[in-house]
Amino acid sequence: MSLKPRRIVFEEVWIELREAVQKVITLQGIKHDIWNNLFADVYQICVAHPEPLADRLYLETKTFLENHVQTLLDQRVLIADPQNASKDESSVGTSSGSSYQLLERYYEVWVEYSHGSQYLNNLYNYLNQQHIKKQKLNEAEAVYGCNNHGDSQEKMEIGELTLEIWNQYMIQRLGNELVDQILSGINAERVNNTSGQYNKSTEVIRGVIQSFVAVQEDRRKGSLKLYQELFEARMLEESGQNFRIVASELLQVCSVSQYMERIIKKFEEEEKLAKIYLHESSLPKLRKVCEEEMVTKHMNFLYSECKEMVANEKSTDLRNLYILLKPVTDGLKRLIEVFLEHIKEQGKKTISCMKGDSVHIQFVENMLDVHRKYEELIHTTFKSDPLFLGALDKACARIINEKHSNNQVCRSAELVAKYCDSLLKKSKTTEGEIDQKLTRSIIIFKYIEDKDVYQKFYSRMLAKRLIHEQSQSMDAEELMINKLKQACGYEFTNKLHRMFTDISVSNDLNAKFSKYLNDNKHETGINFSVKVLQAGAWPLGPTQVVASFAIPQEFEKSIRLFEEFYHINFSGRKLTWLHHLCHGEMKLSFEKRNYIVTMQTYQMAILLMFENTDKYTCKELQTSLQLQQEIFQRHLQSLVEAKILLLSEEKMNDDTEVSINVNYNNKRTKFKITTNLQKETPQEVEHTMNAVDEDRKMYLQAAIVRIMKSRKVLRHNTLIQEILSQSKVSFAPNVSMIKKCIESLIDKQYIERTPNSGDEYSYVA
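Since this is a predicted model, take the numbers as computed values, not measurements. (Residues numbered from 1 in each chain as written. Predicted model: local features only at pLDDT ≥ 70, side-chain atom pairs only at ≥ 80, totals over all residues. Heavy atoms only, no water.)

## Details of the overall build of the protein chain
(1) Moving on: Summing up its helical and strand segments, the protein chain has 30 helices and 9 strands in all.
(2) Moving on: Counting over 765 residues, the protein chain shows a buried share of 46%.
(3) Moving on: Accessible surface for the protein chain amounts to roughly 41,700 Å². Of this, 47% is attributable to carbon and sulfur atoms. (Helix = DSSP H or I, 4+ residues; strand = E, 2+ residues; numbered from the N terminus. Buried < 20%, exposed > 50% of the residue type's maximum accessible area, 1.4 Å probe, protein only. Areas by Shrake-Rupley, 256 points an atom, 1.4 Å probe, with all protein chains shown as cover.)

Below is the structure:
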């Protein structure tokens, strides 16, 4: 076959081509060689000499298709087949036989026509590619108005043309009647509760609906316009009426719990129905209508038992309520508020019964139980919704930071610090258990607003553990500090790290001191080790330093030699001996057996007084040791309670005689008598809180100066807000404290009030 253009008689070629088009569009068989020749006919018409006949071919094909669809409409769709009527009626059961017959006949001819149009589009491929596409306006021509074509109407490709003709001659004339029957069939499925059961009628209804989409599927924009305007709008309206009726009927016979279950089941049925019949874009629209009619309009009814559900923690009902309210705007707001208040009540109840010496353990573990319980409830019932997790956080924060009165200090920070201290002290607890409990304690720690109070208590307790060598393990200590650093940053744990460093450096220092003694052949007579601590890193304030103490002769040489060694290696540094924090082991020899006892320095000094003398009065002992009366009596009392020393009378006074208990007997040969002395006293707690207040004042003053230095001039309220923003990481200062700090800085001439306004400050350079 030659591809060279030649002169042809259009009518002769078109007669044969039209017969083939008739067979193609009606899916009749065509031999392979004839099919190939048809492509050549289309080509020869499009490139005919002397003038191409492509436009005439397009018009003739269009006319043929219009006549064909009109014939289908007149002969095959509107005219029922009497032979198949009874069969159709018995096979559907969703609507009258004639009604369904229209849908079935339409679907039948649509399937045939739509498939035939695809083949026809392939047959006219050359016409589509070389003539129709080239005549279409491109975007640039549309923008700039460069229309050089004679035809004012844009041509469609043959595939698009077949679908457009179907739309104009079939759907536009039968559309409303088809939609009536479709909605009738869908409603019948709702009534008969047969959603998801696929049968012949399902296939027909689905195919008819899909035809509304398919006829405009090749359009770039508005491809769903026909589907939405003809079918979807009416479907949503009638579905809404159905949902309204169903909701009204259920409200009359169901409790809230039953209503929710039935509605959720209805949602599932509608979703199945929608997935079978509707375009995917209709699913969210249908669900929204369903939610509006069955949920949003009955919110008060759904919430009528909300408090009871939450109070009794009915997980199934709460889960159903969550499912229904989640898509509604602000639908969960009320449920979240009720849930938050419930957690607060349960939290307060569980910590209100705390008592005894283990209050700190009860507080942390009870709060962790509350947190874990409701976190699991949120996970299983509310699908770990961030809104409910936020409510849990708010509830826990309020419980933990609640002050029962304005004058009472919130003890949460202190209790959590004590809980960590109890874990990190030497005990029978395994390292795995300690790690797990410390990790969980961070959950409670994060809710504490006054983290600076926690830091103060924790650092004091850490200092005692390190100094008295009470830590379970240094790895556990370091692990906890790293957890705190992750939660609050490096600044929060800076001093804690320095405390660790001091202990490590002290170990090296003691090794060098031993070498110094050996090199210089000094003998101390006792095993002596020292911990050198940086004054700025350790919470050992001046109020804790005991001013007077007569060091026993047995210790003097060791202390003197260490001072000589230290000053040789570190000139310019001053050593202050904190004897009240020192401890050691002393061997006590009685008639029956010997004992090795660990005790504090003051206790050792008291016992050393009895090396050569059996009895002293309290006044004599105190004068010799130069100890304050309160400290002396406290340490003497601990030795009396341990039954190592005896008093001549029950009440201790200056003339009371103290003697060694020569008949002392103990089952253990090695023990400690320092534990009670290391417990935190109310005075120490008060001192810690006072230290926190002083630190806060300094922090706030520094923050004010820093802000004012960068901003130069600032109004009072703006300054307050910036200070609150900067300090919230460590603590939540009250406004009265901030005002006092501002006044203090004005007095110190760091800032001043501006002349023009009483509530505006300026930085004094």
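## Here's the deal with the pattern of salt bridges
Any two side chains of opposite charge can pair, so long as their charged atoms come close to each other.
(1) Moving on: Here the structure, examined in full by the defined rule, presents 36 salt bridges.
(2) Moving on: Glu238 is the salt-bridge partner of Arg234, the closest N and O atoms lying 3.6 Å from each other. Of the two residues, Arg234 and Glu238 both sit in helix 10 (residues 225-253), 4 residues apart, roughly one turn of that helix.
(3) Moving on: Residue Arg234 is classed as partly exposed on the basis of its relative accessible area of 24%.
(4) Moving on: Here Glu238 falls in the partly exposed class, since its relative accessible area comes to 33%.
(5) Moving on: A salt bridge links Arg244 to Glu293, with the shortest nitrogen-to-oxygen separation between them at 3.0 Å. In this pair, Arg244 sits in helix 10 while Glu293 sits in helix 12 (residues 282-294), placing the two residues 49 residues apart along the sequence.
(6) Moving on: Under the relative-accessibility criterion, Arg244 is labelled partly exposed at 41%.
(7) Moving on: Classification of Glu293 as buried rests on a relative accessible area of 7%. (Salt bridge = Lys/Arg side-chain N within 4 Å of Asp/Glu carboxyl O.)

## Some remarks on the nonpolar core
(1) Moving on: The biggest cluster of nonpolar side chains holds 163 residues, and the ones touching the most others in it are Trp166, Phe212, Phe231 and Tyr454.
(2) Moving on: Setting aside its immediate chain neighbours within four residues, Tyr454 contacts Ala413, Val416, Ala417, Cys420, Phe445, Met480, Leu484 and Phe492.
(3) Moving on: Core analysis: the next-biggest nonpolar cluster, separate from the first, contains 35 residues, Val597, Tyr616, Ile631 and Ala642 among them. (Core = buried A, V, L, I, M, F, W, Y, C linked by side-chain atoms within 4.5 Å. Contact = heavy atoms within 4.5 Å.)

## Focus on the sheet that holds strand 7 (residues 713-715)
(1) Moving on: Pairing in this open sheet of 3 strands is antiparallel, and the strands run 7-9-8 from one edge to the other. On the outer flanks of this sheet lie strand 7 and strand 8 (751-753), each paired with one strand and no other. When strand polarity is set aside, the average angle formed by the axes of neighbouring strands in this sheet is 30°.
(2) Moving on: Where strand 7 and strand 9 (residues 760-763) come together, 3 bridges link them in antiparallel fashion. In the sheet register, Leu714 faces strand 9, and the bridge partner there is Tyr761.
(3) Moving on: Contacts from helix 29 (residues 716-727) reach strand 7 and strand 9 within the one sheet, and its direction differs from that of strand 7 by about 95°. (Pairing = 2+ DSSP bridges. Axes fitted to C-alpha atoms, helices over the stretch in contact; angles between N-to-C directions.)

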